[in-house]
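Tertiary structure, described
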Amino acid sequence: MEATLDVRGMTCSHCERAVEGALQELEGVIGVEVNLGTNRVDVTYDDAQVTVNDMRKAVEDQGYEIVV
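Quick look at the structure, then. Computed from a predicted model, the values in this text were never measured in an experiment.

Comments concerning the pairing of strand E1 (residues 2-8)
The side chains of a regular strand alternate between the sheet's two faces. Of the strand pairs in this sheet, E1 and strand E3 (residues 40-45) are connected by 5 bridges, and their pairing is antiparallel. Within E3, the position partnered with Glu2 by the bridge is Thr44. In this structure, E1 lies alongside strand E4 (residues 65-67), joined through 3 bridges in antiparallel fashion. Residue pairing across strands places Val7 opposite Ile66, the latter belonging to E4.

Some remarks on the side chain of Asp6
One can find Asp6 in strand E1. The class of Asp6 is buried, set by a relative accessible area of 13%. If we skip the residues at most four places from it in the chain, Asp6 touches Thr38, Asn39, Glu65, Ile66 and Val67.

Points about the sheet that holds E4
Within the open sheet, the 4 strands sit side by side as E2-E3-E1-E4. Their pairing is antiparallel. The strands lining the two open edges of the sheet, one partner per strand, are strand E2 (29-35) and E4. Across the sheet, the axes of successive neighbouring strands diverge by a mean angle of 35°, strand direction being ignored. Sheet contacts for helix H1 (residues 13-24): E1, E2 and E3; angle to E2, the most-contacted strand, approximately 165°. Against the sheet, helix H2 (residues 52-61) engages E1, E3 and E4, with an angle of about 30° to E1.

Structural notes on H2
Residues of H2 that are buried include every one of Met55, Ala58 and Val59, and no others. All buried residues of H2 fall inside an arc of 95° around its axis, so they share one side. Among the exposed residues of H2, those pointing more than 90 degrees away from its buried face are Asn53 and Asp61. Buried residues in H2 make contact with E1, H1, E3 and E4. Looking at the residues trailing H2, positive phi occurs at Gly63, about 100°.

Cut-offs used in this document
- Residues numbered from 1 in each chain as written.
- Predicted model: local features only at pLDDT ≥ 70, side-chain atom pairs only at ≥ 80, totals over all residues.
- Heavy atoms only, no water.
- Pairing = 2+ DSSP bridges.
- Helix = DSSP H or I, 4+ residues; strand = E, 2+ residues; numbered from the N terminus.
- Buried < 20%, exposed > 50% of the residue type's maximum accessible area, 1.4 Å probe, protein only.
- Contact = heavy atoms within 4.5 Å.
- Axes fitted to C-alpha atoms, helices over the stretch in contact; angles between N-to-C directions.
- Arc of directions from axis to C-beta.

Below you can see the structure in the form of structure tokens.
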């Protein structure tokens, strides 16, 4: 599966790495591509192991906001 998350609060490469790292730690996440310029994060994942809500929580736990 693929999902695109609209993440608010990312302003630098450190933010980019924090979001990417948080998502990559989730079991079932296969790939993460963060675009700092558009505030979008493309995630490839196995929906049998992880949900979009799991991803949202991981990003929010890093201090960023997901816009739906």
